[in-house]
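If you want the building blocks of each chain, they are given just below.
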Amino acid sequence: MSRTAEVAMSTLEEHIDVGVPIDSAWDSLHRVENYPRFIDGVRDAHAEAGGRAQLDIEAGGRARQMEVEASDRTGDRVLEWHTTQAPELRCSLTLHPIDQGNTRIQARLEYDPDTVRAAFGGPRGFAQANAIERLVRSDLEHFRDYAEQSR
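Rules used in this analysis
- Residues numbered from 1 in each chain as written.
- Predicted model: local features only at pLDDT ≥ 70, side-chain atom pairs only at ≥ 80, totals over all residues.
- Heavy atoms only, no water.
- Pairing = 2+ DSSP bridges.
- Helix = DSSP H or I, 4+ residues; strand = E, 2+ residues; numbered from the N terminus.
- Axes fitted to C-alpha atoms, helices over the stretch in contact; angles between N-to-C directions.
- Contact = heavy atoms within 4.5 Å.
- Core = buried A, V, L, I, M, F, W, Y, C linked by side-chain atoms within 4.5 Å.
- Buried < 20%, exposed > 50% of the residue type's maximum accessible area, 1.4 Å probe, protein only.

Enquirer: Give me the lowdown on the sheet that holds strand S5 (residues 78-83), citing residues and values where you can.
Expert: Taken in spatial order, the 7 strands of this open sheet run S1-S7-S6-S5-S4-S3-S2, and their pairing is antiparallel. Both edges of this open sheet fall to strand S1 (10-18) and strand S2 (42-47), since each of them pairs with a single strand only. Averaged over all neighbouring strand pairs, the angle between strand axes comes to 20°, with direction disregarded. Pairing analysis gives 9 bridges linking S1 to strand S7 (residues 102-111), with the strands arranged antiparallel. Within S7, the residue paired with Glu-14 across the bridge is Ala-107. Along the sheet face, helix H1 (residues 22-29) touches strand S4 (62-73), S5, strand S6 (89-99) and S7 and points at about 160° away from the line of S6.

Take a look at the structure:
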């Protein structure tokens with residue numbers, strides 16, 4: 001009898017308030033070609049058929065390509081994506097209207113610290129978790145700046 005090892009995924013949740021209406025924030029999240037403007041390490045990005053996107057990434061001194069598969073629930077304003085190969089990353093971005101001109105974006109990232117370290121380098125444990133948290137927070141801040149300047 002064979003067993004499949006369960007991967008211990010870590011979860012990170014962050015949110016940010018953006019000074020744009022929910023429709024503007026939603027549209028900005030769907031412009032894959034502009035991801036390099038607000039996601040650190042993404043050098044190039046383009047959408048492909050079937051809800052897939054190709055990302056050229058540089059992290060930890062390493063360049064690599066990643067393919068992600070995205071799906072969204074437009075009515076619920078939830079965008080979900082996951083990588084199609086290692087490292088396994090899963091993310092959901094949920095948009096909530098604060099008022100007519102402001103939106104809260106809730107990000108939830110699930111990742112395996114060991115495979116992230118193997119793919120991108122860096123220390124293990126607490127220090128790596130802090131680095132990922134800082135990166136996600138920075139990306140959300142960059143997105144806020146991008147969305148607010150684009151309107």
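Enquirer: Talk me through unusual backbone geometry; I want residue IDs and the actual numbers.
Expert: Backbone geometry places Arg-77, a non-glycine residue, at a positive phi of 60°. Tracing the chain through its elements places Arg-77 in the loop between S4 and S5.

Enquirer: Kindly report on the pairing of S5, identifying the contributing residues and their values.
Expert: In the sheet, S4 pairs with S5 via 6 bridges, with the strands oriented antiparallel. Among the inter-strand pairings, Arg-73 is bridged to a residue of S5, identified as Val-78. Linkage of S4 to S5, two consecutive antiparallel strands, is achieved through a turn of 4 residues, within which Arg-77 is found at a positive phi near 60°. One ladder, built from 5 bridges, connects S5 with S6; its direction is antiparallel. Bridge pairing in S6 places Glu-80 opposite Ser-92. The turn joining S5 and S6, which pair antiparallel and follow one another in sequence, is formed by 5 residues.

Enquirer: Break down the nonpolar core for me, citing the residues and quoting the values.
Expert: The biggest cluster of nonpolar side chains holds 34 residues, and the ones touching the most others in it are Tyr-35, Ile-105 and Phe-143. Among the secondary structure elements, those contributing two or more residues to this core are S1, H1, S2, strand S3 (52-59), S4, S6, S7 and helix H3 (125-150). In terms of residue count, the dominant contributor to this core is H3 (6 residues). Phe-143 has contacts with Val-18, Ala-25, Ser-28, Leu-29, Phe-38 and Ile-105, leaving out every residue within four places of it along the chain.

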